[in-house]
Amino acid sequence: MAEQNHERLNMAVAAHLAVAMEAQEALAAVVDLNGSYQADIDKGTLTIAGRPLQVVLLGTVSKASNTWLWSWANGGFSAQVPAIAPVRRVAEIAESWGIWELGRPQFSLAEVLDTGLGAGASIALLAAPQVGATAFYSADYGTGLAYFGIVDPAVPRPAAEAVTFPRRIMAAVDLLPGHARSQLLTYASVHNLRVVGDGRQLTVHLGPDVLAVEFDDQARIVSIRGSLGAAPVQ
């Protein structure tokens, strides 16, 4: 049965990797992620290393059962509080995306793609943009991990720029090869970039700059070229 595997979920996680890596870099520039934290769900705040941020609670992971529980399904909280209510938006796209996990209150994380931060982080990085969060933060509370989406204006989504675009995309490709096209297209979609082209080349429009991304017959990126004023992009 389709509901017994995470194939479509894992493909979506891979596609969102460039977006997530960029977002986590933006969060790390604002707070010390190694500092202590304190959460207040009722107020929708998460204080990290003394810096308060507005957040939503995406969900939690049980270390004992290795399961994900969406915050709106957690009986320990009211699903109507501002830090939780927006997360129901994720369930609303479950059918159209064909990803059953987005609408299931609780599910096993076995076989969920781990990009290096744990399977729970994979769910968080996919869910965060859907609820208006820039980045996510994982908080260890002993028996589990709580995943928060950062919705604070102090952590805005970085603007897509031609000078940083190649690094953003290739960082995701290097971490998780085999998904270059979906990683590029998802990054462009989140940033509202216009993309045109065929199977071997995609042209990405970033304001006044245009980058051409060439692929080989195995869908691997072989070059990203364009111009920034008079300076070529290699």
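The structure we're discussing is the one just above.
Chemist: Help me understand helix H7 (residues 180–190) in this model?
Modeler: An α-helical segment advances 3.6 residues per turn. Residues three or four places apart therefore align on the same side. When H7 is considered as a whole, its buried residues turn out to be Ala180, Gln183, Leu184, Thr186, Tyr187 and Ala188. Asn192 lies just past H7 and shows a positive phi near 55 degrees.

Chemist: I would appreciate a short explanation of helix H1 (residues 7–15) in the present structure.
Modeler: Those residues of H1 not exposed but buried are Leu9, Asn10, Ala12, Val13, Ala14 and Ala15. If you follow the buried residues of H1, they end up packed against helix H2 (17–28), helix H5 (119–127) and H7.

Chemist: Looking at this structure, I do not really get the packing of aromatic side chains. What am I missing?
Modeler: Throughout the structure, instances matching the rule amount to 6 aromatic pairs. Measuring from ring centre to ring centre gives 5.2 Å for Trp68 and Trp70, while their planes differ by 75 degrees; the resulting arrangement is edge-to-face. In this structure, Trp68 and Trp70 share a single accessibility class: buried. Geometrically, the ring pair formed by Trp68 and Tyr147 is tilted, given 5.6 Å between the ring centres and 35 degrees between the ring planes. Of the two residues, Trp68 sits in strand E4 (residues 67–70) while Tyr147 sits in strand E7 (residues 144–150), which places them 79 residues apart along the sequence. Accessibility assignment for this pair places Trp68 and Tyr147 in one class, buried. It is Arg88 that lies over the ring of Trp72; its NZ or CZ is 4.2 Å from the centre. In this structure, Arg181 packs its charged tip against the face of Phe215, placed 4.4 Å from the ring centre.

Chemist: Quick question: what am I supposed to make of the packing of helix H6 (residues 165–175) against H7 here?
Modeler: In a packed pair of helices, the relevant descriptors are the angle between the two axes and the axis-to-axis distance. Running from amino to carboxyl end, H6 crosses H7 at an angle of 135 degrees, the nearest separation of the two axes being 9 Å. Of the possible angle classes, the one that applies to H6 and H7 is oblique. Taken as a pair, H6 and H7 cross one another with a handedness that is right-handed. Across from Phe165, Arg168, Ile169, Ala172 and Val173 in H6, the residues of H7 making contact are Ala180, Gln183, Leu184 and Tyr187. Residue classes in the contact of H6 with H7 are distributed as 7 nonpolar, 1 polar and 1 charged.

Chemist: Would you take a moment to explain the layout of surface pockets for this structure?
Modeler: Summary: where empty space remains is shown by rolling a probe the size of a single water molecule over the atoms. Space inside the largest pocket adds up to approximately 210 Å³. Forming the boundary of the largest pocket are Arg8, Met11, Ala12, Ala15, His16, Trp97, Ile99, His179 and Ser182. Of all the elements, H1 adds the most residues to the lining of the largest pocket, at 4 residues. Here the residues of the lining of the largest pocket are counted per class, giving 5 nonpolar, 3 polar and 1 charged. Lining the second largest pocket, in full, are Val173, Pro177, Gly178, His179, Ala180, Arg181, Ser182, Gln218, Ala219, Arg220 and Ile221. Sorting elements by how many residues they give to the lining of the second largest pocket places H7 first, with 3 residues. Taken together, the residues that form the lining of the second largest pocket break down as 5 nonpolar, 4 polar and 2 charged.

Chemist: Whenever I open this one, the nonpolar core confuses me. Can you help?
Modeler: Burial of nonpolar side chains together is a common tendency in soluble globular proteins. Counting 52 residues, the largest nonpolar core has Leu58, Trp68, Trp70 and Phe148 as its most contacted members. Among the elements of the structure, H1, H2, strand E2 (45–48), strand E3 (51–62), E4, H5, strand E6 (135–140) and E7 are those that each provide at least two residues to this core. Those residues in contact with Leu58 that sit more than four places away from it in its chain are Trp68, Trp70, Ser71, Val87, Ala124, Ala127, Ala128, Val131, Phe136, Tyr147, Phe148 and Gly149. Core analysis: the second largest hydrophobic core is formed by 23 residues, Tyr187, Leu206, Leu211 and Ile224 among them.

Cut-offs and rules
- Residues numbered from 1 in each chain as written.
- Predicted model: local features only at pLDDT ≥ 70, side-chain atom pairs only at ≥ 80, totals over all residues.
- Heavy atoms only, no water.
- Buried < 20%, exposed > 50% of the residue type's maximum accessible area, 1.4 Å probe, protein only.
- Helix = DSSP H or I, 4+ residues; strand = E, 2+ residues; numbered from the N terminus.
- Contact = heavy atoms within 4.5 Å.
- Phe/Tyr/Trp six-rings, centres within 6.5 Å; stacked < 30°, edge-to-face > 60°.
- Lys NZ or Arg CZ within 6 Å of the ring centre and 35° of its normal.
- Axes fitted to C-alpha atoms, helices over the stretch in contact; angles between N-to-C directions.
- Parallel < 35°, antiparallel > 145°, perpendicular 65-115°, else oblique.
- Left-handed = near helix turned anticlockwise from the far one by under 90°.
- Nonpolar A, V, L, I, M, F, W, Y, C, P; charged D, E, K, R; others polar.
- 1 Å grid on protein atoms, 1.4 Å probe; cavity = no way out; pocket = protein on both sides within 12 Å on 5 of 7 lines; lining within 4 Å.
- Points joined across faces, edges and corners; volume = space filled by probe spheres on them.
- Core = buried A, V, L, I, M, F, W, Y, C linked by side-chain atoms within 4.5 Å.

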